[in-house]
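For reference, the chains in residue letters:
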Amino acid sequence: MEVMLIMKRIEYMCTHCGKKETRNENTGRPNPGKCPRKSNGGPHVWVKNRVLN
Ligand SMILES: [Zn+2]
């Protein structure tokens, strides 16, 4: 059985606006982008929200 290609998926959430993005574990954090909750157009603040199976 080949199990090497199974990748975990991580759900990230921005602590400022609550936006959620799901990424594969090996692709890292989502692009910073622009957070609509930040008045100066600053980037989202991504934190790991949960791991999806
Ligand atoms: Zn945000």
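All figures in this text were calculated on a predicted structure; none of them were measured in a lab.

Observations regarding the sheet that holds strand 1 (residues 9–14)
Link 1 in the chain: Here we have three strands laid out as an open sheet, ordered 2-1-3, and antiparallel in their pairing. A single partner strand is all that each edge strand has here, and the edge strands are strand 2 (20–24) and strand 3 (46–52). Along the sheet, successive strands turn relative to each other by an average axial angle of 30°, direction set aside.

Regarding the pairing of strand 1
Link 1 in the chain: Relative to strand 2, strand 1 runs antiparallel, the two being bridged by five bridges. In the strand pairing of strand 2, E11 is matched with T22.
Link 2 in the chain: Of the strand pairs in this sheet, strand 1 and strand 3 are connected by six bridges, and their pairing is antiparallel. Across the sheet, M13 pairs through a bridge with V47, a residue of strand 3.

With respect to the environment of K19
Link 1 in the chain: Checked against the element boundaries, K19 lands in the loop between strand 1 and strand 2.
Link 2 in the chain: K19 sits in the partly exposed class, given 16 other C-beta atoms within 10 Å.
Link 3 in the chain: Sequence separation between K19 and V45 is 26 residues; the distance between their C-alpha atoms is 9.7 Å.
Link 4 in the chain: Once residues within four sequence positions are removed from consideration, K19 is found in contact with C14 and H44.

Definitions and limits used
Residues numbered from 1 in each chain as written. Predicted model: local features only at pLDDT ≥ 70, side-chain atom pairs only at ≥ 80, totals over all residues. Pairing = 2+ DSSP bridges. Helix = DSSP H or I, 4+ residues; strand = E, 2+ residues; numbered from the N terminus. Axes fitted to C-alpha atoms, helices over the stretch in contact; angles between N-to-C directions. Buried ≥ 20, exposed ≤ 12 C-beta atoms within 10 Å, placed from the backbone. Contact = placed C-beta atoms within 7 Å.

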